[in-house]
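What the coordinates show
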Amino acid sequence: MPRVAIIGAGVVGLSTALCIKLQHPSLGLTIIADRFLEDTTSDGAGGLFRPDDRFVLGVDLSTLRKWSQTSFEHFNNIIFSNIGAEAGIAQVSGYQLFNEPRPDPSYQNIIYNFRHLSKDELATFPDHYKYGYFTTTLYVDTRRYMKYLTKILAEKQVTFVQKKINSIEELVDSYDIVVNCTGYGARELCRDELIHPIRGQMIRVRAPWIKHFYYTDDNCYMIPNYDTIVLGGTRQVDNDNTQVDLNDKEGIWQRCLRLCPSLAQAEILWHWAGLRPNREPIRVETETIKHDNKQLFIVHNYGHGGNGISLSWGTAVDATRLFSSYLNAISTADKQLSSKL
Ligand SMILES: Cc1cc2nc3c(=O)[nH]c(=O)nc-3n(C[C@H](O)[C@H](O)[C@H](O)COP(=O)(O)OP(=O)(O)OC[C@H]3O[C@@H](n4cnc5c(N)ncnc54)[C@H](O)[C@@H]3O)c2cc1C
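Okay, so let's go over this structure. Each chain has its residues counted from 1, running along the sequence as written. Residue-level local features of this predicted model are given only where pLDDT is at least 70; pairs of side-chain atoms are given and counted only at 80 or more, and the full residue set underlies all totals for whole chains, interfaces and linings. Calculated side-chain values reflect all of the structure's heavy atoms, with hydrogen atoms and water omitted.

Bringing unusual backbone geometry into the picture now. Omega for the peptide link from G232 to G233 comes to -5°, which places this bond in the cis form. Counting from the N terminus, the helices are DSSP H or I runs at least four residues long and the strands are E runs at least two residues long. Mapping G233 onto the fold places it in the loop between β11 (229–232) and β12 (236–237). Residue P281 follows E280 across a cis peptide bond; omega there is 0°. Inspection of the secondary structure puts P281 in strand β13 (residues 267–291). For H128, which is not glycine, the phi torsion reads 50° and is therefore positive. For R191, which is not a glycine, the phi torsion comes out positive at approximately 45°. Position of R191 relative to the elements: it lies in the loop between α7 (186–189) and β8 (195–206). Relative accessibility under 20% of the residue-type maximum defines a buried residue, over 50% an exposed one, and the middle range a partly exposed one, all with a 1.4 Å probe and only protein chains included. For R191, a relative accessible area of 59% gives the class exposed.

Most of strand β10 (residues 220–224) sits out of view: 5 of its 5 residues are buried. Neither face of β10 is left uncovered, since the one carrying C220, M222 and P224 and the one carrying Y221 and I223 both have all their residues buried. Strand direction decides the pairing type here: strand β9 (residues 213–216) and β10, joined by 3 bridges, are antiparallel. Bridge assignment links Y215 to a residue of β10, and that residue is Y221. Two strands qualify as a pair provided that DSSP identifies no fewer than 2 bridges between them.

Before going further, it helps to spend a moment on the environment of E169. Along the polypeptide, E169 turns up in the loop between β6 (159–162) and β7 (177–180). C-alpha of E169 to C-alpha of K290: the two residues are 121 residues apart in sequence and 8.3 Å apart in space. The residues touching E169, leaving out its near neighbours within four places in the chain, are R191, I289 and H291. Contacts are assigned to residue pairs with any non-hydrogen atoms lying within 4.5 Å of each other.

A few words on the side chain of S310. Mapped onto the fold, S310 is located in the loop between β14 (294–304) and α9 (312–340). Here a polar contact is recorded for every N or O atom pair within 3.5 Å, except that within protein the pair must consist of a potential hydrogen donor and a potential acceptor, and residues adjacent in sequence are included only if both atoms are side-chain atoms. One polar contact links the side chain of S310 to the main-chain amide nitrogen of R50, over a distance of 3.4 Å. Filtering out sequence-adjacent residues up to four positions away, S310 remains in contact with L48, F49, R50, P51, S71 and F75.

Pairs of aromatic rings are described using the distance from one ring centre to the other and the angle between the two planes. Pairing of aromatic rings covers Phe, Tyr and Trp, the last through its six-membered ring, and needs centres within 6.5 Å; plane angles under 30 degrees mean stacked, over 60 mean edge-to-face, and all others mean tilted. Summed over the entire model, instances satisfying the criterion amount to 12 aromatic pairs. Ring geometry for Y95 and F125: centres 5.2 Å apart, planes at 65°, overall edge-to-face. With Y95 in strand β3 (residues 89–98) and F125 in the loop between α5 (119–123) and β5 (131–140), this residue pair connects regions lying 30 residues apart in the sequence. On the basis of relative accessibility, which here comes to 16%, the residue Y95 falls in the buried class. Here F125 falls in the buried class, since its relative accessible area comes to 9%. Ring-pair connections join several aromatic residues into one group, and the members of that group are Y95, F125, F134 and Y214. Over the ring of Y215 we find R50; its NZ or CZ atom is 3.6 Å from the centre of that ring. Two conditions define a charge located above a ring, namely a distance within 6 Å from the ring centre to NZ of Lys or CZ of Arg, and an angle within 35 degrees of the ring normal. A cation over an aromatic ring shows up here: R144 above the ring of Y226, its NZ or CZ 3.6 Å from the ring centre.

Let us look at helix α3 (residues 61–79). Here the expected span of a helix is defined as 1.5 Å times the quantity of residues minus one. The end-to-end C-alpha separation of α3 is 26 Å, in line with the 27 Å expected for 19 residues at 1.5 Å each. Looking only at α3, the buried set comprises T63, L64, W67, S68, S71, F72, H74, F75, N76, I78 and I79.

To be near a molecule or strand, a residue needs just one of its heavy atoms within 4 Å of it. Around the ligand sit 37 residues in total, of which D34, R35, S42, G305 and S310 are the nearest. A distance of 3.0 Å is found between a nitrogen atom of the ligand and a backbone nitrogen or oxygen belonging to G306. Secondary structure elements with two or more residues in the shell around the ligand: α1 (11–23), α2 (41–44), β8 and β13. If you tally residues by element for the shell around the ligand, the top one is β13, at 5 residues. Looking at the shell around the ligand residue by residue, the class counts come to 14 nonpolar, 18 polar and 5 charged. All amino acids are sorted into three groups, where Ala, Val, Leu, Ile, Met, Phe, Trp, Tyr, Cys and Pro are nonpolar, Asp, Glu, Lys and Arg are charged, and the leftover types, Gly among them, are polar.

Our focus in this paragraph is the state of the cysteines. Pairs of cysteine sulfur atoms within 2.5 Å are identified as disulfides in what follows. Throughout the structure, instances matching the rule amount to 0 disulfides. Unpaired in this structure, C190 has its nearest cysteine sulfur neighbour in C181, at a distance of 11 Å. Exposure remark for C190: the relative accessible area of 22% places this residue in the partly exposed category. Here C260 is not disulfide-linked; the sulfur of C256 is the nearest cysteine sulfur, at 8.4 Å.

Turning next to the nonpolar core. Nine residue types can take part in a nonpolar core, namely buried Ala, Val, Leu, Ile, Met, Phe, Trp, Tyr and Cys, and a core is a set of them joined through side-chain atoms within 4.5 Å. If you look at the biggest cluster of nonpolar residues, it comprises 59 residues, and the most contacted ones within it are L29, I31, I89, L138, Y145, I177 and F323. Among the elements that make up this core, the one with the highest residue count is α9 (8 residues). Within the second largest apolar cluster, 23 residues are counted, among which are L122, Y129, V205 and I210.

Encoded structure:
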């Protein structure tokens, strides 16, 4: 049996591990990461399914549609099963509001109920946005979803190891195939200059009367999750500060309050800042490295930017396809070797 490690325990690493395990149940898998669950970027994300082509650059539209569709179907299957609540995934409808016109999003035929807002509807919002649309999509409460994925993986005998990997080469003695899902960590691990941080800050509140999501083009969003509402946000390119910034905190609060004054009654739970691991394009590809006369097969799956939750299952399926072709190549080579013996 080939020895397999997945590096990274964010939503991308856990999804890819599960996808591989479902495809190859007898394979032993080890997930190695220096951060798990609430210490990952994935844990803090807003989790709205909104894979906007304006923010997924360098990926051709048909691939983006395939990743989006595959993910959406996966999440929908969970919603309409008996594990929807445990996994923290549910349908949510809401409004996207703009001051400038913009093309309809590429995912409009994947989600439900896409329609443009009438003038009367737009006028109901305090800031009188000029354009907008309504959609029914879904949210993934990643705090719950990651716990759910971790539980399923543990039940399937996947091993978890907490460790920082300083170079991929250090794994050649211990593993035959490595799946690299290190998110922003790939910048250092793979010396990948194409990956950039886009910093985002948010406030989690309890405001159970807010049932819709709102997204505006002037840095204001509200996303209902399982039992909290996520208020954002900021989008600061090449800023890698994960500390909560007081000015950002105040800016987010004031923008959200202007759109939804009833938030004044909300209970503030916590503040959070994280780095969207942005890469043009998202890297889903293979690489083979040689070190000390040994060969290591690598499947990369990282760089999902602000859409890592939305696209996690779709890219995991593609990474698993690449993984399976490596596995076939290894087993064919083994058979050829034994026939020569
Ligand atoms: C403010 C904000 C809001 C967001 N909102 C949304 C949203 O609404 N919808 C959406 O789809 N996406 C959203 N995102 C984006 C989403 O959070 C990311 O795209 C996603 O979490 C990336 O997942 P990941 O698994 O690649 O990375 P991570 O969650 O960062 O996980 C990386 C893993 O790799 C490990 N690792 C890295 N380097 C090493 C190393 N050298 N050795 C060992 N382990 C290593 C880490 O420990 C970690 O376990 C948001 C992001 C932010 C910051």
